[in-house]
Amino acid sequence: MANIVKNETRRDFLKVSGTVAGGLALGFYLPSGPRMAQADAGGGYASPNAWVRIGLDNVVTIMVARSEMGQDVYTSMPMLVAEELEVDINKIKVEFAPPAEVYINALLGGQLTGGSTSVRDAWEKLRKAGASARMMLIAAAADDWGVDTGSCKVKDGVVMGPGGKRASYGSLAAKASQMEVPRDVPLKPASQFKIVGNMRQKRLDTAAKVRGTAQFGIDTRIPGMTYAAVRMPPMIGGKVASYDDSRAKNFPGVKTVVQYSRGVAVVAEDYWTAKKAAATLDIRWDAGPNANLDMRGLWQGIEQASAQPGAVFREHGDTDAGMMNAAKTITSEYRLPFVSHSPMEPMNTTADVRGDKATIITPTQFQQLIPHVVAGATGLKPEQVEVITTFLGGGFGRRVEVDYAIDAAEISKAAGMPVKMVWSREDDMTHDSYRPAGIYKFTAGVDSSGKLQALRFHSTSPSISSRLFPSVVKDGIDPFAVEGIDNFPYTADAGLRFSYQMHDTGVTVGYWRAVSHNLNAVALESFIDELATAAGKDPIQYRIDMLDMGSTKHQWSGLSAGVPVGPRMKRALEEVRKKSGWGRKLPKGRGQGVAVMEGYNTVIAMVAEVTVSSGYDVQIDKITAVVDAGTLIHPDQALAQVQSCINYGQSACMWGEITVKNGAVEQNNFDTYRVARINEAPKELNIHFIKSDSVPGGLGEPGTAVVQPAIANAIFAASGKRPRTLPYTPENIGAST
Amino acid sequence: MKIAFQVNGKRTSVDVAPDTPLLWVLRDTLGLTGTKFGCGKALCGACTVHLNGMAVRSCQTQIGSVAGQKVTTIEGLGGNHRVQRAWMALDVPQCGYCQPGQMMSASALLAMNKNPSDQDIDAFMSGNICRCGTYVRIRAAIKAAAKMS
């Protein structure tokens, strides 16, 4: 990927930011990528910006253009810059970048944090940013000293020249900013890395998070700020018909009550007053199109849709003939429910909308979109909207949505004052964009040895991208609905045919950590286990024997490796077999299950070990994971991400289920929507990384999907019950065969 | 109505409705935003503080009941408390949002139980939800803190 470096960016940057005059700032433009977000957002960005700033005071600031939601971009991305810049990573300052074209994520086409792409996108780009800055600093020093650049070295923010000459980066910054930006930027080989791959590197945000000083969106305080509590229609797609605010308006401390597009907001001097007053609002709702929506009708709709042929997204060979010639056919159907994101920090935004300017301070994964939607909601122009990204108290895909930023902007505008809008947990859980529910059907034709010869797969679920990024949906196929099976890793020599039937249920669906890997790969890896059982084969060896060792490119695998990864999967499966003590004798009621998946160019093989009681209560005793994620930038936090994925996947597959009655979501807090607690976490996590110097794979998401079928397959091994309906509750396990 | 109490060793008084949860007094009135709002129903533990040394959920503690008592928040733990040192040594936080509550619970646990077992940790810490899945590190950090002076 060729970076086009523009010299004038630093002037724009200095003008815009008003940083230390004469400091060095560098910006990089990327050539065209998929650009899906840009196309939908309508273009029009703020001035270009920079990755590295070096002040005259020697302070090095590294801009982080991705949202820190736990996944460690606050440290891992500066590590890439600092590696080449040759500065002490523990002494730099970090700032979250504003929206600007320079910060677009080439893998997603927008300034958007998602798809496990942050490090993958940054891997070359940020090292080049650091290297370019270093080369300009050296050039400035060499020019001052009248020596050749080749005779200069750098160490810890100091340029050293012949005869003991030394100059700090800060003292060179002004001059360096006038030097030509290098076009040819060689990068260090991995063998010379000092920061990248350091096992002992600590997170740069831990101290603030441990002392309670890290600023999340909800912690925002600006002068004159008021607090808004909201009432939103309980029914999905409902509206305010009319309301009586006579009681609310008379609460001491209430400033005003305003209606906005989605609901009614009480604005007060403090949040509790706003909340109490909001509860007294007497609102008549227009229930909207989903007034009669319930789960029975909703599932009937999905079932009917699944009888449609759908759009074929992967096909080879003659699948029908393969079925005819098969020794046996095996059919199975999986059902996955809606699940909620429920990050610990409820949705919130602080908005200050004035006649000619708006400031939006928000925990968002998609800062680039906000100027456009806030402009749409307020009548301002996008360039009049300033966006400040805070720390995110969890994201998981929920904060790719910008609904809550729009709401806060509308409330601030209507109230005529700066407002911090905070959702209650109930607001948050009942107004989420849920992971899609769906039906996943398989028919396999196997030969007399049980080996797969032909496979049909048909999924039916709502399409997320049809609402958020309609331009990526083509011919009935949403690329984010076929992940996790488009990259089917096994062989089916006679033929395979995979199809997707889009079906809108009325429930709002959104990107949820690992997106459709959770749907397709969860179903697929459970079904492969069924085939292994039917064949009477060991589930790990059965998988290894069927791996696709070819290199045919997959059509829809936008964020995956793009080609089969058979050799990597084989190695991961072999390693996990050893590390997990696979096949050893276990007490009655205990079992092991395996699953393997490639997603985001990371391969993970997992073995779950569970104990299932006679009443089908499941305890997860141990998870062993072998992960091939290429080069690890920050190894301890790569580990943390796998730990995190296991927890998030466990919560979803063991308990996660959102249901709807009369158009309203029934679960509204952690008493009705259960998530894993410390006493339910696996007793042992045994996570290993395969040593690799390949390009980095994504780590924020894939484990979330893999752990679920590993648990399901372990439940089968322990109990003889094969759960095909999620979550894996005692009821669903007991009802399965 | 003025309500007087101690926060992090300092006397303070606030003029708010007595049914206001301590959580919102800390965050909005006193600007101590280290204490987090998670569920509003004492289900998640994000708002955990110490009331006279005991861990309580500040979202369910009315300020009227706090008059004359001692409240400690994450800001009052001092920054160098052994729990905080252990949390830093093991890089426990991911998103970090639940961690003030986790540390306030953990420090209350260690004040009562010098050497908690896994079962003790499970029992005491199960009221604190972490969606990032830092449980394995929380458990290790509590054990590490138990060994610190």
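So, how was this worked out
Residues numbered from 1 in each chain as written. Chains lettered and ligands numbered in written order. Predicted model: local features only at pLDDT ≥ 70, side-chain atom pairs only at ≥ 80, totals over all residues. Heavy atoms only, no water. Helix = DSSP H or I, 4+ residues; strand = E, 2+ residues; numbered from the N terminus. Rg over C-alpha atoms; globule rule 2.2 N^0.38 Å. Contact = heavy atoms within 4.5 Å. Buried area = accessible area lost by both parts, 1.4 Å probe. Salt bridge = Lys/Arg side-chain N within 4 Å of Asp/Glu carboxyl O. Nonpolar A, V, L, I, M, F, W, Y, C, P; charged D, E, K, R; others polar. 1 Å grid on protein atoms, 1.4 Å probe; cavity = no way out; pocket = protein on both sides within 12 Å on 5 of 7 lines; lining within 4 Å. Points joined across faces, edges and corners; volume = space filled by probe spheres on them. Domains from an automatic or database assignment. Pairing = 2+ DSSP bridges. Axes fitted to C-alpha atoms, helices over the stretch in contact; angles between N-to-C directions. Core = buried A, V, L, I, M, F, W, Y, C linked by side-chain atoms within 4.5 Å. Buried < 20%, exposed > 50% of the residue type's maximum accessible area, 1.4 Å probe, protein only. Polar contact = N/O pair within 3.5 Å; in protein donor to acceptor, adjacent residues only side chain to side chain. Phe/Tyr/Trp six-rings, centres within 6.5 Å; stacked < 30°, edge-to-face > 60°. Parallel < 35°, antiparallel > 145°, perpendicular 65-115°, else oblique. Left-handed = near helix turned anticlockwise from the far one by under 90°.

1. Re the overall build of chain B
- For chain B, the helix and strand inventory stands at five helices and five strands.
- Helices and strands in chain B line up, N terminus first, as β-β-α-β-β-β-α-α-α-α.
- What you see for chain B is a C-alpha radius of gyration of 15 Å, in line with the 15 Å of a compact globule of 149 residues.
- Projected onto the principal axes, the alpha-carbon positions of chain B cover approximately 45 × 30 × 25 Å.

2. Concerning the interface of chain B and chain A
- If you look at the interface, chain B gives 51 residues, while chain A gives 61 residues.
- Counting each side, the surface lost to burial between chain B and chain A is near 4500 Å², with a carbon and sulfur contribution of 56%.
- The interface formed by chain B and chain A includes seven salt bridges.
- A salt bridge links Lys-276 of chain A to Asp-19 of chain B; the nearest nitrogen and oxygen atoms lie 3.0 Å apart.
- No other element matches helix α5 (residues 135-146) of chain B, which puts five residues into the side of chain B that touches chain A.
- Tallied by class, the residues present in the side of chain B that touches chain A amount to 26 nonpolar, 14 polar and eleven charged.

3. Some points on the layout of surface pockets
Residues and elements named next belong to chain A.
- Of the voids in this model, the second largest pocket is the one considered here, and its volume is about 660 Å³.
- Sorting the residues of the lining of the second largest pocket by element identifies α12 (403-415) and α14 (465-468) as the ones contributing at least two each.
- For the lining of the second largest pocket, the element with the highest residue contribution is α12, accounting for four residues.
- In terms of residue class, the lining of the second largest pocket is built from ten nonpolar, eleven polar and ten charged.
- Inspection of the lining of the second largest pocket shows a minimum of three residues originating in each of domain 2 (217-288 + 347-422) and domain 3 (295-339 + 433-735).

4. A word on the sheet that holds strand β15 (residues 311-317) of chain A
All names here are of chain A.
- Within the open sheet, the five strands sit side by side as β15-β23-β22-β21-β16. Their pairing is mixed. The outermost strands of the open sheet, each flanked by one partner alone, are β15 and β16 (328-336). For this sheet the average axis-to-axis angle between neighbouring strands, irrespective of direction, equals 5°.
- Across eight bridges, strand β21 (residues 438-446) lies against strand β22 (residues 452-461) in antiparallel orientation. By the bridge assignment, Ala-444 is partnered in β22 with Leu-455.
- Its contacts with the sheet put helix α15 (residues 517-535) on β16, β21 and β22, and the angle it makes with β16 is roughly 145°.

5. Structural notes on the nonpolar core
- Within the largest apolar cluster, 266 residues are counted, with the highest numbers of intra-cluster contacts made by Leu-85, Ile-411 and Tyr-728 of chain A together with Trp-87 of chain B.
- By size, the runner-up hydrophobic cluster in this structure holds 15 residues, among which are Val-7, Val-14, Val-49 and Val-56 of chain B.

6. A closer look at the domain arrangement of chain A
Residues and elements named next belong to chain A.
- Under the domain assignment used here, chain A contains domain 1 (10-193 + 204-211), domain 2 (217-288 + 347-422) and domain 3 (295-339 + 433-735).
- Relative placement of domain 2 and domain 3: their C-alpha centres are 37 Å apart.
- Across the contact, nine residues belong to domain 2 and 18 residues belong to domain 3.
- Both sides together, the interface formed by domain 2 and domain 3 hides about 930 Å², and carbon and sulfur atoms give 60% of it.
- It is Ile-236, Phe-396 and Glu-401 that lose the most area in domain 2 upon contact with domain 3, and together they represent 64% of the buried surface on that side.
- Between Glu-401 and Arg-467 there is a salt bridge; the shortest N-O distance is 2.8 Å.
- Run the count over domain 2 and domain 3 and you get four residue pairs in polar contact (both at pLDDT 80 or more).
- Taken together, the residues of the side of domain 2 that touches domain 3 break down into six nonpolar, one polar and two charged.

7. A look at the packing of aromatic side chains
- The final tally for this structure, using the stated rule, is 23 aromatic pairs over all chains.
- Ring centres of Tyr-271 of chain A and Trp-24 of chain B lie 4.3 Å apart, and the angle between their planes is 45°; on these two criteria the pair is classed as tilted. With Tyr-271 of chain A in helix α8 (residues 271-279) and Trp-24 of chain B in helix α1 (residues 22-29), the pair connects residues from two separate chains. In this structure, Tyr-271 of chain A and Trp-24 of chain B share a single accessibility class: buried.
- A network of ring pairs unites the aromatic residues Phe-313, Tyr-334, Tyr-440, Phe-442, Phe-457, Phe-488, Tyr-490, Phe-498 and Phe-527 of chain A as a single cluster.

8. Comments concerning the sheet that holds strand β9 (residues 165-168) of chain A
All names here are of chain A.
- Strand order across the open sheet formed by three strands is β7-β8-β9, with antiparallel pairing between neighbours. Of all the strands in the sheet, just β7 (153-155) and β9 have a single pairing partner and so form its edges. On average, each strand axis in the sheet is inclined to that of its neighbour by 25°, with strand direction left out of account.
- With four bridges joining them, strand β8 (residues 158-161) and β9 adopt antiparallel strand pairing.

9. A closer look at the packing of helix α16 (residues 539-546) of chain A against helix α17 (residues 566-579) of chain A
Residue and element names in this part refer to chain A.
- With their axes 10 Å apart at the nearest point, α16 and α17 run at an angle of 165° to one another. Comparing their axes, α17 and α16 come out roughly antiparallel. The way α16 lies across α17 gives a crossing that is left-handed. Of the residues in α17, those touching α16 at Ile-540, Gln-541, Arg-543 and Ile-544 are Lys-570, Leu-573, Glu-574, Val-576 and Arg-577.

10. Thoughts on the pattern of salt bridges
Residues and elements named next belong to chain A.
- Going through the model one piece at a time under the given rule, you end up with 51 salt bridges over all chains.
- When the shortest N-O distance is used, the salt bridge between Asp-403 and Arg-262 registers 3.1 Å. One end of the pair, Asp-403, is in helix α12; the other, Arg-262, is in the loop between β12 (254-259) and β13 (264-268), and 141 residues separate them in sequence.
- As a salt-bridge pair, Glu-386 and Lys-357 come within 3.3 Å of each other at their nearest N and O atoms. In this pair, Glu-386 sits in strand β19 (residues 385-389) while Lys-357 sits in the loop between β17 (348-353) and β18 (358-362), placing the two residues 29 residues apart along the sequence.

11. Focus: the environment of Asp-143 of chain A
Residue and element names in this part refer to chain A.
- One can find Asp-143 in helix α4 (residues 118-145).
- Judged by relative accessible area, which is 48%, Asp-143 ranks as partly exposed.
- Sequence separation between Asp-143 and Lys-175 is 32 residues, and the spatial gap between their C-alpha atoms is 9.5 Å.
- Aside from chain neighbours lying at most four places away, what touches Asp-143 is Lys-175 and Met-179.

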